[in-house]
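Observations on the three-dimensional arrangement
Here is what each chain is made of, one letter per residue.
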Amino acid sequence: MTYPESRRDDVVETLHGHQIADPYRWLEDPDAPDTQDWVRRQNEFTQAELSSYPERQWFQTTMSAILARPRAGVPVKKAGWYLVGRNDGTQAQDVVYVAESLDELLTGGRVLIDPNTLSADGTDSLGSFTVSPDGKYFAYGVNESGSDWTTFRLLDIATGTPVDDVVTEAKFSEATWLPDSSAYLYLHYPASGRSEGTETKTLTGGRLMLHKVGTPQSEDELVLSFPDQDRYFITPEVSEDDRYLIVHINEGTDPGSRLWVFPITSDGIGEPVKVVDTFADEIAFVRMSGDQLVLRTDRDASRGRVVLASLDGSFVDLIAEGEATLQAVRGTAAGLATLTLVDAQPVLTLYALDGSDARVIDVPGGGVVEFHASPEYDELFVGLSTTTDPTVSYVVSTDAGVVRALPELVRGSGGFTSPSVTVTRRVEPGREVPYFLITRSDLEFSQPRPTLLYGYGGFRVPILADYKPGWPAWLGAGGVLVIANLRGGGEYGSTWHDAGRLKNKQNVFDDFIAVAEHLRDTGVTTSAQLAIHGRSNGGLLVGAAMTQRPDLFGVAMPGVGVMDMLRFHLFTVGAAWASDFGHPDDSEQFEDLLAYSPLHRLRDGMSYPATLVVTGDHDDRVVPLHSHKFIAELQHAQSSSAPVLTRVEVNTGHGFGKPAAMVASEWADLLAFAAHHVGLVPPEQ
């Protein structure tokens, strides 16, 4: 196969005694004419190849039907208002509805904001929203073209009228209101005039700013910053009793957190009390209990516990560590609600404020989509999904424990009917790696079948048997789906996470490879019938697995992956990931990174699986240069006839807020590519 030309430059660096060639460094500039021309030629080549696949039309039709299903998010109650996102199946972005009662919301409610009007092509999305404590203002963040950059705007909730108030150059935050509703806090990142999403320069440290409604952003007050610490992230929230501004400080993506408490007085925000001032443990504020703080932590508890903390930093157990992994805790009118994982499957439990009177709530599903509660209200809202169906929402009375499903939230019907599936829990015996095996219930599997293996394995993120739009299409076509729980994830607590990061990162790839071998050895599939997929850190996973064991897979599909492990820290927020990956400037950690860096593991003349790399040209989290350089080097190295393609979506970013039609199209291409090369024939062909 003759690929579009990718110019190879003579760029070589000496890093920690290693001569490192980087012939495609010119692709690091996304706005350069040469890069844009390369992207255009690669996209044209890919589309020409994919258009020849007979499976593509079935997957495109099916994915369009899946995304055409009417759907709704999980309600939230804020300052007396009920809000929910809803989509009739024809809209690029979900529309936010508001009502004064739950019954009114269930019967329709009123459109508060329609993000489909934010841009002509539907690529601008609603990133977050909050409501001022007095119920007057709706503060919403707009992300342009899938970028992490956020612009905050206000609406008058009662009338839906825009308020003349704008804050720009924000990231990684929502509008956090002060109790009197006069001002909100946000995280500001000076962007030097560029925030359109293609900026690649290293992100400077965020500044916690206080914006008074109705005043220019230039007059905003600096509350907290760490000018010498670019990797610090600041997350504010206000305690439900309005007494304190609670600030979590994290170093990069490391879960270890410092916790500072700022008194809120009539004179403003006071000096902080540093309740926890080291990065040793995960610390998360839940609510107040009198003069003490209720916290979730993994201190001396790998699976997590709930504690009562004094301002001097002393902890007393409220809910001790158990066998389940504690994922989240919310304050309720009756006390506390916890979300735990039991073997990577969610369980919701209600407690009194002192940790007594545990009551498990029956809300079935493979994964929790959202989980909303407040000490101010009895109502708790939770949404769950399965591998084949998106959100089903429930309202729970936290006092009585009564559960009510809310199917009325979804307005309309039609679209795709998901297949009935069977979910089996299995464990690879050698490394003891758990995974979900999902098949169509009406099919018998007497012979190995085309199989799609998905994983992530990083940043303490739990991977569950939950919904992704492509899953019902793959299963509907007769394929097997496998979702692996790898070290580095959050399914089994901090010890499981630590076993897959830094010097232990290779464990993640070994786990993934072990699951693939187990699927092959137990007759589920064969290497030729096995496709692998993952996104972001999961894209790194796929890149590492396919370069270490190219013989084991028929298809590899890394999405928005981190592929250049020697330079990831030089672009946008990349340096924050050193908590999981290590830092290339450290000579010892450099050796670990070089050993598995997908870009640098490629070897000329090797036979690699059929590969489709996907990315977005406005991805300012994992910048597209990772995918660009990897695919250029892979096309140069490939010795077999298996195609090596890239698909670069224009005007989209890391994935969040992508319009429905783009989601359908990307999944259709991924699944058609996988099906074509592993021999999965959709039912109508």
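Residues numbered from 1 in each chain as written. Predicted model: local features only at pLDDT ≥ 70, side-chain atom pairs only at ≥ 80, totals over all residues. Heavy atoms only, no water.

1. Details of the overall build of the protein chain
A tally of helices and strands in the protein chain yields 12 helices and 40 strands. Since a compact globule built from 685 residues should have a radius of gyration of about 26 Å, the 25 Å found for the protein chain is in line with a globular shape. The dimensions of the protein chain, computed from C-alpha atoms along their principal axes, are 70 × 55 × 50 Å. Within the protein chain, counting contacts between residues at least 6 apart in sequence, those at least 24 apart form 58% of the total. Per element, the accessible surface of the protein chain, about 25,000 Å² overall, is 48% carbon and sulfur. Separation between the mean location of the 53 positive side-chain charges and that of the 94 negative ones in the protein chain comes to 3 Å. (Helix = DSSP H or I, 4+ residues; strand = E, 2+ residues; numbered from the N terminus. Rg over C-alpha atoms; globule rule 2.2 N^0.38 Å. Contact = heavy atoms within 4.5 Å. Areas by Shrake-Rupley, 256 points an atom, 1.4 Å probe, with all protein chains shown as cover. Lys, Arg positive; Asp, Glu negative; His and termini not counted. Charge placed at Lys NZ, Arg CZ, Asp CG, Glu CD.)

2. Let's talk about the nonpolar core
Counting residues in each nonpolar core, the largest one holds 128 residues, and the members touching the most others are Phe 59, Leu 224 and Phe 581. The element that contributes the greatest number of residues to this core is helix α12 (residues 660-678), accounting for 12 residues. Setting aside anything within four residues of it in sequence, one finds Leu 224 in contact with Arg 207, Leu 208, Ile 234, Val 247, Ile 249, Trp 260 and Phe 262. (Core = buried A, V, L, I, M, F, W, Y, C linked by side-chain atoms within 4.5 Å. Buried < 20%, exposed > 50% of the residue type's maximum accessible area, 1.4 Å probe, protein only.)

3. Looking at the pairing of strand β30 (residues 379-385)
Most of β30 sits out of view: six of its seven residues are buried. Pairing of strand β29 (residues 367-372) with β30, which is carried by five bridges, proceeds in the antiparallel orientation. In the strand pairing of β30, Glu 370 is matched with Gly 383. Hairpin connection between β29 and β30: a loop of six residues separates the two successive antiparallel strands. Pairing between β30 and strand β31 (residues 392-397): six bridges, direction antiparallel. Paired with Val 382 across the two strands is Tyr 394, which belongs to β31. The antiparallel hairpin formed by β30 and β31 contains six residues in its connecting segment. (Pairing = 2+ DSSP bridges.)

4. Examining the packing of aromatic side chains
Using the criterion set out here, one finds 24 aromatic pairs in the structure. Ring geometry for Phe 172 against Tyr 189: centres 5.9 Å apart, planes inclined by 90°, an arrangement best described as edge-to-face. Residue Phe 172 is located in the loop between β11 (161-170) and β12 (176-177), and its partner Tyr 189 is located in the loop between β13 (183-188) and β14 (207-212); the two are separated by 17 residues in the primary sequence. Taking 5.5 Å as the distance between ring centres and 65° as the angle between the ring planes, the aromatic pair formed by Trp 471 and Trp 667 counts as edge-to-face. Pair noted here: Trp 471 is in helix α4 (residues 470-476) and Trp 667 is in helix α12, with a separation of 196 residues, a long-range link. A connected cluster of aromatic rings, assembled from ring pairs, spans Tyr 137, Phe 152, Trp 177, Tyr 184 and Tyr 186. (Phe/Tyr/Trp six-rings, centres within 6.5 Å; stacked < 30°, edge-to-face > 60°.)

5. Quick look at the side chain of Glu 428
Structurally, the position occupied by Glu 428 is in strand β33 (residues 421-428). One buried charged residue, Glu 428, remains without a salt bridge, the closest side chain of opposite sign being Arg 431 at 5.7 Å. Of the polar contacts made by the side chain of Glu 428, one reaches the backbone nitrogen of Arg 431; its length is 2.7 Å. Each residue touching Glu 428, except ones within four places of it in the same chain, is listed here: Val 433, Tyr 435, Ala 514, Val 515 and His 518. (Salt bridge = Lys/Arg side-chain N within 4 Å of Asp/Glu carboxyl O. Polar contact = N/O pair within 3.5 Å; in protein donor to acceptor, adjacent residues only side chain to side chain.)

6. A look at the pairing of strand β22 (residues 292-297)
For β22, a buried count of five out of six residues is recorded, marking the element as mostly surrounded by other parts of the structure. The loop that links strand β21 (residues 283-289) with its antiparallel partner β22 comprises two residues; one of these, Gly 290, has a positive phi angle of about 65°. Where β22 meets strand β23 (residues 305-309), five bridges bridge the pair, whose relative direction is antiparallel. Within β23, the residue paired with Thr 297 across the bridge is Arg 305.

7. Structural notes on helix α9 (residues 587-596)
Where α9 is concerned, the buried positions are Phe 590, Asp 592, Leu 593, Leu 594 and Tyr 596. A distance of 3.0 Å separates the backbone nitrogen of Glu 588 from a side-chain oxygen at the start of α9, and that oxygen is part of Asp 586.

8. Considerations on the pattern of salt bridges
Using the criterion set out here, one finds 43 salt bridges in the structure. Note that Asp 22 is salt-bridged to Arg 567, the shortest N-O span being 3.9 Å. Of the two residues, Asp 22 is situated in the loop between β2 (18-21) and α1 (33-50) and Arg 567 in the loop between β38 (555-559) and α8 (578-581); the sequence distance between them amounts to 545 residues. Pair check on accessibility: Asp 22 and Arg 567 agree, each one buried. The salt bridge involving Glu 517 is made with Arg 549; its shortest N-O contact spans 2.7 Å. Here Arg 549 lies in the loop between α7 (537-548) and β38 and Glu 517 lies in helix α6 (residues 506-521), a separation of 32 residues in the sequence. Several salt bridges converge on common partners, so that one network encompasses Glu 13, Asp 22, Arg 25, Glu 28, Asp 564, Arg 567 and Lys 629.

9. Observations regarding the sheet that holds strand β34 (residues 433-440)
One open sheet accounts for eight strands, arranged β33-β34-β36-β35-β37-β38-β39-β40; its pairing is mixed. Since the sheet does not close on itself, it has two edges, and those belong to β33 and β40 (644-649), each with one partner. The sheet shows a mean angle of 20° between the axes of neighbouring strands, direction not considered. Summarising the sheet, strand β35 (residues 451-454) and strand β36 (residues 480-484) pair through four bridges and their orientation is parallel. Paired with Leu 453 across the two strands is Val 482, which belongs to β36. Helix-sheet contacts for α7 involve β37 (530-535), β38 and β39 (610-616), and the interaxial angle to β37 is about 145°. On top of the sheet, helix α11 (residues 625-637) reaches β39 and β40; it is set at about 160° to β39, its chief contact. (Axes fitted to C-alpha atoms, helices over the stretch in contact; angles between N-to-C directions.)

10. Focus on the environment of Met 1
Relative to the assigned elements, Met 1 resides in the segment before β1 (12-15). Here the alpha-carbon distance between Met 1 and Ala 642, two residues 641 residues apart in the chain, equals 8.4 Å.

11. Looking at the environment of Asp 378
Mapped onto the elements of the fold, Asp 378 is located in the loop between β29 and β30. Judged by its relative accessible area of 30%, Asp 378 is partly exposed. Here Ser 397 takes part through its side chain, which lies 2.8 Å from a polar atom of the side chain of Asp 378. A polar contact of 2.8 Å, which involves the side chain of Asp 378, links it to the backbone nitrogen of Asp 399.

12. Quick notes on the sheet that holds β22
Strands sit in the order β21-β22-β23-β24 across an open sheet of four strands; the sheet is antiparallel. Each edge of the open sheet is held by one strand with a lone partner, namely β21 and β24 (315-319). If you compare each strand with its neighbour and ignore which way they point, the axes differ by 35° on average. The pairing of β21 with β22 spans six bridges and is classified as antiparallel. Looking across to β22, one finds that Phe 285 is bridged to Leu 295.

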